[in-house]
Amino acid sequence: MQEHIVIIGNGISGVTTARHIRKASDKKITIISAETDHFFSRTALMYIYMGHMKYEHTKPYEDYFWKKNRIDLKRAFVDTVDHENKQLLLSGGEKMSYDKLVLAVGSKPNKFGWPGQDLDGVQGLYSKQDLDMLEANAPDKETCKRAVVVGGGLIGIEMVEMLLTRDIPVTFLVRENSFWNGVLPQGESEMINRHIKSHHVDLRLGFNLDSILADDNGKVRAVTIKETGEEIACNVVGLTAGVSPNVAFLKDSGIELGRGIKVNPMLETNIKDIYAIGDCAEQHEGINGRRPIEAVWYTGRMMGETLAQTLTGNPTAYNPGHWFNSAKFMDIEYQTYGWVFSKPKEGNTHFHWMHKDDNKCITIEMQEGTRKFVGINNFGIRLRHELFDRWLTEGRTTDYVLEHLKDANFDPEFYSHYEKDILDAYNAAYGTSLSPKKKSWKRIFA
Amino acid sequence: MKIIKNLGLVIFITGLAIWTASIFMGDFTLQQEQLDSFISEKGIKSELVAQKISDNVVGKKLGTFAFTGAVRDALAQNNDYYDAQIAKYDAAKEWDKKGEQYQYRINDKDFQAFSFSLAKKAGTGFIVENKGLMWFLTFGLGILGALMFIFPNLVLLGKPGIKNDHVYHEAATNRGWIAWLVLVYLVLFYLVLYFNADYVVNWTFILDPISNALNGGDASQWFVYGFLYCVIMVTMAVRMYIKYRHNKYQIVRTTSVLFFQIVFAFLIPEIMASLGKPGYDFKNAFPLDYDFFFEWNLDTLTQSGGLGIFILVWGVVLTLVIVPVMVYFFGKRWYCSWVCGCGGLAETLGDPYRQHSNKSMKAWKLERWLIHSVLVFSLVMTLVTLYCYFTGAEAFLGINSQWIKDTYSFLIGAWFAGVIGTGFYPIFGNRVWCRFGCPLAAYLGFVQRFKSRFRITTNGGQCISCGNCSTYCEQGIDVRAYAQKGENIVRSSCVGCGVCSAVCPRGVLKLENGPEAGRINPTQVLLGNDVDLMDYVNNKEAS
Ligand SMILES: Cc1cc2nc3c(=O)[nH]c(=O)nc-3n(C[C@H](O)[C@H](O)[C@H](O)COP(=O)(O)OP(=O)(O)OC[C@H]3O[C@@H](n4cnc5c(N)ncnc54)[C@H](O)[C@@H]3O)c2cc1C
Ligand code: SF4
Ligand code: SF4
């Protein structure tokens, strides 16, 4: 009998694991998910509501793919993991045994015990079901006269953008006194504040949700703000105050849990033959200065790639390279390579450049003195991942990076270039006299 | 703003309605002299035709369909009569007599042209007398309405950025009833244009003044088509400019394609014609320009002195040298989305429908079969034609030259490129012809795939598999399938429209021309993960 690998969760991490196991072996693979029949891209949920795509378009593989690659799909919810008998109990009473179990169960939206948080019309945005719920709760501005989105993170701003496309007035309640400023340096965060406001969003910085009020039918009718006691009438409340690992069903399973499922760099849990990856995995200690829980798309994918190696006889530790990520704040694209902290780490300093049109800027974090490059945030300008990855590995200085910035530009052809502007600002700040080097394919492909 | 937009829509629809209704307007009264001069001009031998038309048509005041119907009837009766004669002599085995009869028949294919020419002479009434006013009521209102519909987007669509909100909510862009209506209208338009031009002779009256000014002659249905094409492209380009105003690549590209359509495809040929030269579209490369090597064209060119010879040489050099060299440096986009007229219409009128291209593996398979078959078809046709041209034979390789040319013109030239290629925009997307049918695209595609500096670079590991790129790729390329693996996109069918790069919310895609080495990148594992899988794979093979 072929070894049976069961994966719970058909998100990016589970599916990547399955694909790479199939590439390297002939093992029997089953993916169980309660959410949808097929893998879809969670990151694209917003585009379905906005009408850019339909659900079908968010599926990265055609439906025949799974059968062709002999990956069995099972639509069910796993109630319990019985590791002593190597068995799963599915809701509905069915049982399934496994030889190896991969937990790729993702996250769920945070709820902080707000009064009224389970009312009709209050919802997060994580699953396909959440999306369907939003479509029902906020199909148009007549049904939903105002929405309040609570929590100033990446999903929050996506939800705001979504609701705006249906002309629904939105109040955006952000606890911090500037948008996402736990992550973004001040200049950037403030630029995004202005951008949000320019989209006619009622942005409330520095305010907390106090409670959610119901009407006679148990539907949300308003929220109150803690600091002011103000009541804001609304029909929909979006709770987007972060996510946390979706591990409730594992509570008594004997698998060690912290906030997430505890794993070592081999992505093994405390129980033999059970692994955890993606949003739900929590490293005992963050690797290479990363957070113990990394709830982003590409880390799920990388953990999946890595674990598949281990499961097919090539034991491999999860060893992510330099940090990178990207997002989009309404019309402004954002990418980051390396580490830029909201306040420079000790011994580091920031160089910040902003374009006068107020929708492009960069921040570079570097070591004081040596000006060794630590990371970059770029808004409204696209930059080449490969080069930054290399520059970080090579330990380049910021001087070097900025001199060669043309190599790294990734904007479409004919776009205006800002390398010179940026360097001028840098020269003024650091007393250097650098000038941009011409783009060189040789260096790009070096 | 919304009011202006809606008003614009009403005005546009009014213009369109008058345009459509104009087909039925006015009367046709053919005078005997007009008929006589036509008969002698065309050298028509059958007296029966002249007789029948004289009886049934001349002097009568007829509507469009009554007139064209009567003319076509007369032609059919004529043919019936001579068919009977032929059968009779055949039975009597009087071969000479039988042979004589054929010259009196009118080729069935020419009915519409025959009827068109007579109608053009016979037209009277409101349209003919009010060409300027009619122009305003049709083109004028159409353009005005469309612009009033489009311009408010500058405000309504909000700040510059990607504007695909509600594409899948609206009946016009989500294969709803509006889309089907547009499809029916477009298909009917092409069927009339290609096969029943005599029905729309009224349209040509409306453009006579402009045609006269440009080339000194009255407008034909092809003039109408060319003019309409330019007008539609310009108007819809305004829409492109607004929609993609944040994206300079789109702006420059749209301007280029407009320029080539208006100047190269429309003005230059018209001006050449007015100078008594053969009208030639200098950018239209064989085998898209499938009749370039047809006898009539070779004859015209060889008889047109220096210019004709220049065109002949240019046409050959364009296809054999310029096209592939440019594709080597810039990818096939230099032609397909910067220069070509078919591409130009697809990128302007067709832009609202780009999301309908089919991304499935099956469609890709079909694409490769179809487009390469058409390429082979066009080459075989040309080979046969040229052989017959130089040897005077009727057939080559057992293929009749006239037959293959007719078949190609009908199936590929009219049906595939026109009726299906454009008519089906609203349901199957804007590049059906370019993707499945265009033989030039197939040729360019080979070069692009195997010998070119063009690629779409994928930005390392940044792709989040959202699917915007694939959805909006008009060529049905599953861009995401490459991007999410960190693989560059090097596909023969990519026309380099740049929209995948524009709609990507994570800045993952860049169209660029660079060294060939490194164009196709091996990507077993995404950038960012320090597992060196390639090492692993290689070691495993070694051990
Ligand atoms: C709206 C939104 C936008 C985002 N945008 C970005 C972005 O732009 N960039 C980025 O990097 N990240 C983004 N993320 C985060 C990213 O989507 C996640 O990090 C990623 O999807 C996690 O993948 P995963 O495979 O670990 O888990 P998931 O995708 O959550 O998959 C887990 C699956 O397991 C199923 N499951 C859980 N428990 C059980 C059970 N007991 N039985 C059966 N099935 C079960 C769940 O239903 C779910 O289908 C976004 C997330 C959201 C919600
Ligand atoms: S791959 Fe991109 S550039 Fe090429 S045709 Fe498709 S959308 Fe256009
Ligand atoms: S649009 Fe961009 S992020 Fe989305 S799938 Fe395509 S390449 Fe990836």
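Caption draft 1: Summary view of the overall build of chain B. Across its full length, chain B carries 26 helices and 6 strands. Over its C-alpha atoms chain B spans a radius of gyration of 27 Å, differing by no more than 12% from the 24 Å that the globule rule assigns to 543 residues. For chain B, the spread of C-alpha atoms along the three principal axes comes to 90 × 65 × 45 Å. By residue count, 55% of the 543 residues in chain B fall in the buried class. Residue pairs at least 24 apart in sequence account for 76% of intrachain contacts in chain B once pairs closer than 6 positions are excluded. Split by element, the accessible area of chain B, about 22500 Å² in all, is 66% carbon and sulfur. Each charge sign in chain B was given a centre, from 48 positive and 41 negative side chains, and these centres are 11 Å apart.

Caption draft 2: Here's a closer look at the interface of chain B and chain A. Of the residues lining the interface, 66 residues belong to chain B; the matching set on chain A comes to 66 residues. When chain B packs against chain A, close to 5300 Å² is buried across both sides, 48% of that on carbon and sulfur atoms. When the area that chain B buries against chain A is broken down by residue, the three leading residues are Gln462(B), Arg506(B) and Lys510(B), summing to 12%. Where chain B packs against chain A, one counts 4 salt bridges. In this structure, Lys439(A) and Glu512(B) form a salt bridge, with 3.8 Å as the shortest nitrogen-oxygen distance. Between chain B and chain A we count 35 residue pairs in polar contact (both at pLDDT 80 or more) in total. For the side of chain B that touches chain A, the elements supplying multiple residues, two or more each, are helix H13 (248-274), strand E5 (454-458), helix H23 (468-472), helix H25 (499-503), strand E6 (509-513) and helix H26 (533-542) of chain B. The biggest single contributor to the side of chain B that touches chain A is E6(B), with 5 residues. Looking at the side of chain B that touches chain A residue by residue, the classes come out as 26 nonpolar, 27 polar and 13 charged.

Caption draft 3: Quick peek at unusual backbone geometry. Residue and element names in this part refer to chain B. With an omega of 5°, the peptide bond running from Phe286 to Pro287 counts as cis. The residue Pro287 is located in the loop between H13 and helix H14 (295-302) in this model. In this model, Arg175 sits at a positive phi of 55°, which is unusual for a non-glycine residue. Inspection of the secondary structure puts Arg175 in the loop between helix H9 (153-156) and helix H10 (177-195).

Caption draft 4: Expanded view of the site of ligand 3. All names here are of chain B. Every one of the 13 residues lining ligand 3 counts as a neighbour, but Cys463, Cys466, Gly467, Cys469 and Cys504 are closest to it. Counting residues per element, the ones that place at least two in the shell around ligand 3 are H23 and helix H24 (479-483). Taken together, the residues that form the shell around ligand 3 break down as 9 nonpolar, 3 polar and 1 charged.

Caption draft 5: Structural detail: the domain arrangement of chain A. Residues and elements named next belong to chain A. As far as domains go, chain A holds domain 1 (4-108 + 244-311), domain 2 (122-241) and domain 3 (324-444). Look at where the C-alpha atoms of domain 2 and domain 3 centre, and you get two points 32 Å apart. At the interface, 22 residues of domain 2 touch 20 residues of domain 3. Summed over both partners, the interface of domain 2 with domain 3 buries about 1600 Å², with 69% contributed by carbon and sulfur atoms. Of all residues in domain 2, the largest losses of buried area upon contact with domain 3 belong to Glu188, Met191 and His195, amounting jointly to 35% of the total for that side.

Caption draft 6: Local environment of the confidence of the model for chain B. Scored by pLDDT, chain B comes out at a mean of 93, with 97% of its residues at no less than 70. Across the whole predicted complex the pTM is 0.95, and at the interface the ipTM reaches 0.96.

Caption draft 7: View of a positive patch on the surface. Residues Lys68(A), Lys362(B), Lys365(B) and Arg368(B) make up a contiguous surface patch of positive charge. For the positive patch, the element with the most residues is helix H18 (residues 361-391) of chain B, which contributes 3 residues. For Lys365(B), the position within the fold is in helix H18.

Caption draft 8: Focus on the sheet that holds strand E6 (residues 95-97) of chain A. Residues and elements named next belong to chain A. On the basis of which strands lie adjacent, the open sheet formed by 3 strands has the order E4-E5-E6 and antiparallel pairing. Of all the strands in the sheet, the pair left with one neighbour each is strand E4 (78-82) and E6. Going from strand to strand, the sheet's axes swing by 20° on average, the running direction of each strand aside. Direction of pairing for E4 relative to strand E5 (residues 87-90): antiparallel, over a ladder of 4 bridges. Paired with Asp82 across the bridge in E5 is Gln87.

Caption draft 9: Examining helix H15 (residues 305-330) of chain B more closely. All names here are of chain B. Taking 1.5 Å per residue as the helical rise, H15 with its 26 residues ought to reach 38 Å, and the 35 Å between its terminal C-alpha atoms agrees with that figure. Along H15, the helix axis deviates most sharply at Leu318, where the bend reaches about 50°. For H15, every residue scored as buried is listed here: Gly308, Ile311, Gly315, Leu318, Thr319, Val323, Pro324 and Val327. At its buried positions, H15 is contacted by H13, H14, helix H16 (333-336) and helix H22 (439-450). With its phi angle positive at about 85°, Gly331 sits one or two positions after the end of H15.

Caption draft 10: Broad picture of the site of ligand 1. Looking at ligand 1, there are 32 residues lining it, with Ser13(A), Glu35(A), Tyr126(A), Asp279(A) and Arg506(B) nearest. Positioned at a junction of chains, ligand 1 has nearby residues supplied by chains A and B. A distance of 3.4 Å separates an oxygen atom of ligand 1 from a polar atom in the side chain of Ser33(A). Between ligand 1 and the protein, one listed contact pairs an oxygen atom with a side-chain N or O atom of Tyr126(A) at 2.5 Å. Here ligand 1 has 990 Å² of accessible area as a free molecule, and 94% of this is covered by the chains. Taken together, the elements giving at least two residues each to the shell around ligand 1 come down to helix H1 (12-24) and helix H5 (154-165) of chain A. When residues of the shell around ligand 1 are assigned to domains, at least three fall in each of domain 1 (4-108 + 244-311) and domain 2 (122-241) of chain A.

Caption draft 11: Region of interest: the domain arrangement of chain B. Residue and element names in this part refer to chain B. The assigned domain composition of chain B is domain 1 (27-124), domain 2 (165-453) and domain 3 (454-542). For domain 2 and domain 3, the distance between their C-alpha centroids amounts to 30 Å. Tallying the contact residues gives 34 residues for domain 2 and 31 residues for domain 3. Counting the contacts that link domain 2 with domain 3 gives 3 salt bridges. Notably, a salt bridge pairs Glu516 with Lys451, separated by 3.2 Å at the nearest N-O pair. There are 27 residue pairs in polar contact (both at pLDDT 80 or more) connecting domain 2 and domain 3. Among the elements of the structure, H13, H15, H16, H18, helix H21 (432-436) and H22 are those that each provide at least two residues to the side of domain 2 that touches domain 3. No other element matches the 4 residues that H22 contributes to the side of domain 2 that touches domain 3.

Caption draft 12: The arrangement of the sheet that holds strand E25 (residues 373-379) of chain A in detail. All names here are of chain A. Reading across from one edge, E21-E22-E25-E24-E23 is the order of the 5 strands in this open sheet, with antiparallel pairing throughout. Of all the strands in the sheet, the pair left with one neighbour each is strand E21 (324-329) and strand E23 (348-354). Between one strand axis and the next, the sheet turns by 10° as a mean value, whatever way the strands run. Relative to E25, strand E24 (residues 361-367) is paired through 6 bridges, and the arrangement is antiparallel. Looking across to E25, one finds that Thr363 is bridged to Asn377.

Caption draft 13: Quick peek at the side chain of Arg390(A). Residue and element names in this part refer to chain A. Looking at the element boundaries, Arg390 is found in helix H8 (residues 385-394). A polar atom in the side chain of Arg390 sits 3.5 Å from the backbone oxygen of Ala446. Those residues in contact with Arg390 that lie beyond four places of it in its chain are Arg443, Ile444, Phe445 and Ala446.

Cut-offs and rules
- Residues numbered from 1 in each chain as written.
- Chains lettered and ligands numbered in written order.
- Predicted model: local features only at pLDDT ≥ 70, side-chain atom pairs only at ≥ 80, totals over all residues.
- Heavy atoms only, no water.
- Helix = DSSP H or I, 4+ residues; strand = E, 2+ residues; numbered from the N terminus.
- Rg over C-alpha atoms; globule rule 2.2 N^0.38 Å.
- Buried < 20%, exposed > 50% of the residue type's maximum accessible area, 1.4 Å probe, protein only.
- Contact = heavy atoms within 4.5 Å.
- Areas by Shrake-Rupley, 256 points an atom, 1.4 Å probe, with all protein chains shown as cover.
- Lys, Arg positive; Asp, Glu negative; His and termini not counted.
- Charge placed at Lys NZ, Arg CZ, Asp CG, Glu CD.
- Buried area = accessible area lost by both parts, 1.4 Å probe.
- Salt bridge = Lys/Arg side-chain N within 4 Å of Asp/Glu carboxyl O.
- Polar contact = N/O pair within 3.5 Å; in protein donor to acceptor, adjacent residues only side chain to side chain.
- Nonpolar A, V, L, I, M, F, W, Y, C, P; charged D, E, K, R; others polar.
- Near = heavy atom within 4 Å.
- Domains from an automatic or database assignment.
- pLDDT = per-residue confidence, 0-100.
- Patch = residues over 30% accessible without salt bridge, like charges linked within 9 Å, V, L, I, M, F, W, Y side chains within 5 Å.
- Pairing = 2+ DSSP bridges.
- Axes fitted to C-alpha atoms, helices over the stretch in contact; angles between N-to-C directions.
- Expected span 1.5 Å × (residues − 1).
- Bend = angle between axes of the 7 residues up to and from the residue.

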